[in-house]
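Coordinates in review
What follows is each chain in one-letter form.
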Amino acid sequence: MQAGDAPRRLEGVPFSPYRVFTREEWARLRADTPMTLKSHELEQLSGIIEELSVDEVEQIYLPLSRLLNLYVAAAQKLHSVSSEFLGRKDTKVPFIIGVAGSVAVGKSTTARVLRALLARWPDHPRVDLMTTDGFLYPNAELERRALMERKGFPESFDTERLLRFLGDVKSGVARVSAPVYSHFQYDILPGQEVYVEQPDILIIEGLNILQPAEMPKDGGTIPFVSDFIDFSIYIDADPAVIENWYLTRFMRLRSTAFRDPGAYFHKYAALAPDEARRIALKLWREINLKNLEENILPTRRRAQLILQKGESHRVEAASLRKL
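Worth saying up front: this structure is predicted, and the values here are computed from it rather than measured.

Definitions and limits used
Residues numbered from 1 in each chain as written. Predicted model: local features only at pLDDT ≥ 70, side-chain atom pairs only at ≥ 80, totals over all residues. Heavy atoms only, no water. Core = buried A, V, L, I, M, F, W, Y, C linked by side-chain atoms within 4.5 Å. Buried < 20%, exposed > 50% of the residue type's maximum accessible area, 1.4 Å probe, protein only. Contact = heavy atoms within 4.5 Å. Salt bridge = Lys/Arg side-chain N within 4 Å of Asp/Glu carboxyl O. Helix = DSSP H or I, 4+ residues; strand = E, 2+ residues; numbered from the N terminus. Axes fitted to C-alpha atoms, helices over the stretch in contact; angles between N-to-C directions. Parallel < 35°, antiparallel > 145°, perpendicular 65-115°, else oblique. Left-handed = near helix turned anticlockwise from the far one by under 90°. Nonpolar A, V, L, I, M, F, W, Y, C, P; charged D, E, K, R; others polar. 1 Å grid on protein atoms, 1.4 Å probe; cavity = no way out; pocket = protein on both sides within 12 Å on 5 of 7 lines; lining within 4 Å. Points joined across faces, edges and corners; volume = space filled by probe spheres on them. pLDDT = per-residue confidence, 0-100. Expected span 1.5 Å × (residues − 1). Bend = angle between axes of the 7 residues up to and from the residue. Pairing = 2+ DSSP bridges. Phe/Tyr/Trp six-rings, centres within 6.5 Å; stacked < 30°, edge-to-face > 60°. Lys NZ or Arg CZ within 6 Å of the ring centre and 35° of its normal.

Remarks on the nonpolar core
It is characteristic of soluble globular proteins that their nonpolar side chains tend to be buried jointly. Y61, L64, L118, F165, I203, I233 and L305 are the most contacted members of the largest nonpolar core, which totals 84 residues. Residues in contact with L118, not counting those within four places in the same chain, are S65, L68, N69, I97, H124, V127, I201 and I203.

Brief notes about the pattern of salt bridges
The final tally for this structure, using the stated rule, is 16 salt bridges. Across the pair R144 and E141 runs a salt bridge whose closest N-O atoms are separated by 2.7 Å. Here R144 and its partner E141 are both found in helix α5 (residues 139–144), three residues apart, which amounts to about one turn of the helix. Its relative accessible area of 60% is what places R144 among the exposed residues. For E160, the salt bridge identified is with R164, shortest N-O distance 3.5 Å. Taken together, the residues E160 and R164, both in helix α6 (residues 159–170) and four residues apart, mark about one turn of the helix. Assessed through its relative accessible area of 56%, E160 is described here as exposed. Connected through shared salt-bridge partners, R126, R175 and E197 make up one network.

Brief notes about the packing of helix α3 (residues 54–86) against helix α4 (residues 107–118)
Relative orientation of the contacting elements α3 and α4 amounts to 60°, with a least axis distance of 10 Å. Put simply, α3 runs oblique to α4. As α3 packs across α4, the resulting crossing turns out to be right-handed. On α4, the residues touching V57, Y61, L62, L64, S65, L68 and N69 of α3 are T110, V113, L114, L117 and L118. Residue classes in the contact of α3 with α4 are distributed as nine nonpolar, three polar and no charged.

Observations regarding the layout of surface pockets
Volume-wise, the largest pocket comes out at about 1,500 Å³. Around the largest pocket sit 46 residues that line it, and V103, H183, Y186, Y246 and R249 are the ones nearest its centre. No other element matches helix α8 (residues 273–296), which puts six residues into the lining of the largest pocket. Of the voids in this model, the second largest pocket is the one considered here, and its volume is about 230 Å³. Taken together, V72, A75, Q76, H79, K92, V93, P94, F95, K170, D200 and D230 make up the lining of the second largest pocket. Per-element tally for the lining of the second largest pocket: the top contributor is α3, with four residues. Residues of the lining of the second largest pocket, tallied by class, amount to five nonpolar, two polar and four charged.

Here's the deal with the confidence of the model for the protein chain
In this model, the protein chain carries an average pLDDT of 90, and 92% of its residues clear a pLDDT of 70 or more. Contacts for the low-pLDDT stretch residues 1–13, under 50 throughout, to residues beyond four places or in other chains number 33 contacts.

Quick notes on α8
Over its 24 residues, α8 extends only 30 Å from the first C-alpha to the last, a length that falls short of the 34 Å expected when each residue adds 1.5 Å. At W284, α8 shows its maximal kink, close to 40°. Those residues of α8 that fall on the buried side of the exposure criterion are A276, I279, A280, W284, I287, N288, L289, N291, L292, N295 and I296. Tucked into the core, α8 has its buried residues touching β2 (95–101), β7 (231–236) and α7 (239–254).

Points about the pairing of strand β9 (residues 315–321)
Burial runs high along β9: five of the seven residues are buried. Alignment of strand β1 (residues 18–22) against β9, held across five bridges, turns out to be antiparallel. Within β9, the residue paired with V20 across the bridge is S319. Where strand β8 (residues 305–309) folds back on β9, the antiparallel hairpin that results is connected by five residues, among which H313 adopts a positive phi of roughly 80°.

Observations regarding the packing of aromatic side chains
Aromatic rings in a pair are described by how distant their centres are and how their planes are angled relative to each other. Taken as a whole, this structure holds eleven aromatic pairs when the rule is applied. When the ring of Y71 is compared with that of F231, the centres are 4.8 Å apart and the planes differ by 65°; the resulting orientation is edge-to-face. With Y71 in helix α3 and F231 in strand β7, this pair connects stretches of sequence that are 160 residues apart. Accessibility expressed as a relative area gives 32% for Y71, which makes it partly exposed. Ring centres of F250 and Y268 lie 5.5 Å apart, and the angle between their planes is 50°; this geometry places the pair in the tilted category. You can see F250 sitting in helix α7 and its partner Y268 sitting in the loop between α7 and α8, a full 18 residues away along the chain. Judged by relative accessible area, which is 5%, F250 ranks as buried. Taken together, the ring pairs in this structure connect Y186, F250, F258, Y264, F265 and Y268 into an aromatic cluster. Stacked on the ring of Y137, the Lys or Arg R145 has its end atom at 4.2 Å from the ring centre. When the ring centre of Y195 is taken as reference, the NZ or CZ atom of R175 above it lies at 3.7 Å.

This is the structure we're talking about:
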C-alpha cells in the first residue's frame, strides 16, 4: 500500500478525505522523537490480550505522540492569540483527545500509551484519562428501562451528564467530577467519583464518542460528545478479528478475574470451556457486534485518524484526515 491509497475498507468512494500511510511510512514520521518508556512500563500498559512491544511504541505511538504534541501546541497558541485579541486572560482550556472503536479492539491500551507518552512532553506534563463507561446508567436504571441487553449502546449512557462533564472541562472549571464504573462489578459504584482538575490534555475513551448529534428541528443547537473533542482517533480492525479477540479475552478473564466470587461474571468461571465459549460468542454477536455495526462503525470516517490493526494487534496502516 502506498501513501495516498485508500485502505481496504475505505475503498469505493469518489474522494477519500484521508491520506493513508503504511506502517513503515508512518514510522518514519517519528523523526527525532525520543523513546521515553521503559520495558517495565510497557508491561504495565499492556492489555489483557494485547502485549505492547517496543517496536509498536516506536513505530506507531511515538509518531502519533509527535503529531498530537504539534496539535496541542497549535491549540495553545490559538488560545493565546484569542485571549490577546479579547484583552483578557482566560483560564487554561484542556486539549481533548477522543479514542473510539469496538469493544475488545484495544482502545484502553491505546489511551494508556498515549497518556504515558504525552505526559513526557515538556509543554503538557499533566495528562488525564477518562472512560465514558462511568457515564453508563447504573444497572438498576438499565433494568428499569429494559436496556440491560443493550448495555454499551448509545441509549444506555447518561449523555446529559457526560455533556455537562465535558462542557465544564472545556470551560476551565477547576474541579470536575465523574462517576466511577467497575468492570469487576459490571456497574457504577454508588457514591464514588473521580476528578479532573484542569489538565493540559484529557484523553477520553469510549464506544460512541464520535456519534453526531441529531439534527435540530427548531434551529437550535444540540451538542454531542464529538463537539468537545479536538482530535479523534478510531481503532479499527475487521469484525471477525475483533470477535476472536473478544472470545480470547473472555476466556482469559474466565480463568482469572471471573473466579472471584464477588465478580459479576463469576457464574461463567465454573462452566466447561466449550459452554463458556458458546456464551461468549452469543454475547459478542447479539450485543457487541450489533452495536459495532449499527452505531460504532458508521462513525469511523468522522475520526481524524484511523489506526488499522491486523490479527496480531499490530497497527498495519494509518489514515490521517487531509482536511
